[in-house]
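# Analysis of the macromolecular model
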Amino acid sequence: EDTVAGEINVNVWPVNGSCAFSMAFKHPLLHAHRKLDISQKSAVGSGSVKAPMPGKITKINFDEGDVVQKGDTLVVMEAMKMEHAVTANMPGVLSKLNCVVGDIVNDSHVLAVVSEDDE
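As a starting point, this report considers the structure included with it.

Criteria and thresholds
- Residues numbered from 1 in each chain as written.
- Predicted model: local features only at pLDDT ≥ 70, side-chain atom pairs only at ≥ 80, totals over all residues.
- Heavy atoms only, no water.
- Helix = DSSP H or I, 4+ residues; strand = E, 2+ residues; numbered from the N terminus.
- Buried < 20%, exposed > 50% of the residue type's maximum accessible area, 1.4 Å probe, protein only.
- Contact = heavy atoms within 4.5 Å.
- Areas by Shrake-Rupley, 256 points an atom, 1.4 Å probe, with all protein chains shown as cover.
- Pairing = 2+ DSSP bridges.
- Core = buried A, V, L, I, M, F, W, Y, C linked by side-chain atoms within 4.5 Å.

### Section: the overall build of the protein chain
- Along the protein chain, the regular secondary structure elements total two helices and 10 strands.
- Counting across all 119 residues of the protein chain, residues that qualify as buried make up 33%.
- Counting contacts in the protein chain only where the partners sit at least 6 residues apart, residues at least 24 apart contribute 52% of the total.
- Surface summary for the protein chain: the accessible area is close to 7500 Å², and the carbon and sulfur share equals 55%.

### With respect to the sheet that holds strand β4 (residues 55-60)
- Overall, antiparallel pairing links the four strands, which are arranged β7-β6-β4-β9 in an open sheet. The strands lining the two open edges of the sheet, one partner per strand, are β7 (82-87) and β9 (104-105).
- Pairing of strand β6 (residues 73-79) with β7, which is carried by six bridges, proceeds in the antiparallel orientation. In the sheet register, Ala79 faces β7, and the bridge partner there is Met82.

### As for the pairing of strand β8 (residues 92-97)
- Across two bridges, strand β5 (residues 67-68) lies against β8 in antiparallel orientation. Bridge pairing in β8 links Val67 to Val93.
- For β8 and strand β10 (residues 110-115), the ladder comprises four bridges, and the chain directions are antiparallel. The residue of β10 that forms the bridge with Leu97 is Ala112.

### Comments concerning unusual backbone geometry
- Its identity as a non-glycine residue notwithstanding, Lys81 has a phi of 60 degrees, on the positive side.
- Backbone geometry places Ser108, a non-glycine residue, at a positive phi of 70 degrees.
- Mapped onto the elements, Ser108 comes out in the loop between β9 and β10.

### Points about the environment of Thr73
- Along the chain, Thr73 falls in strand β6.
- Residue Thr73 is classed as partly exposed on the basis of its relative accessible area of 27%.
- Here the alpha-carbon distance between Thr73 and Asn61, two residues 12 residues apart in the chain, equals 6.9 Å.
- The residues touching Thr73, leaving out its near neighbours within four places in the chain, are Asn61, Phe62, Ala85, Val86 and Thr87.

### Things to note about the sheet that holds strand β3 (residues 48-50)
- Here four strands make up an open sheet; going across it, the order is β3-β10-β8-β5 and the pairing antiparallel. The two strands at the open ends of the sheet, each matched to only one other strand, are β3 and β5.
- When β3 meets β10, the two strands line up antiparallel, connected through three bridges. The partner of Ser48 across the bridge, within β10, is Val113.

### Focus: the nonpolar core
- Core analysis: the biggest nonpolar cluster contains 18 residues, and Ile57, Leu74, Val75, Leu94, Leu111 and Val114 have the highest contact counts within it.
- Taken together, the elements giving at least two residues each to this core come down to β6, β8 and β10.
- Not counting residues within four places of it along the chain, the set of residues in contact with Leu94 comprises Phe62, Asp63, Glu64, Gly65, Asp66, Leu74, Ala112, Val113 and Val114.

Structure (structure tokens):
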């Protein structure tokens with residue numbers, strides 16, 4: 001049972017009705033939710049690059065401040081036992097990177113923000 005606090009509780013009940021054991025652990029996606037800060041919430045816009053589905057970040061190809069072109073693969077993630085390339089949706093500068101290799105992210109998590117190149 002998921003609780004508001006982000007814990008999963010597991011209880012095993014034998015036939016006699018007493019609790020054999022009980023354990024609680026943190027939900028595996030709780031880490032991703034806590035990393036979502038104000039800048040990510042406000043980053044939704046045309047330059048936002050979002051996760052297409054829940055998954056794990058396996059590779060990051062650019063650093064913040066790098067110039068990227070539309071279609072460049074910014075992040076590679078593993079989901080449903082397949083690799084998915086997450087690409088830039090416009091040319092510009094990678095102004096914000098909101099993930100690191102190993103992160104577990106939810107569907108529509110803002111992975112990066114590409115801003116117009118002001119040069």
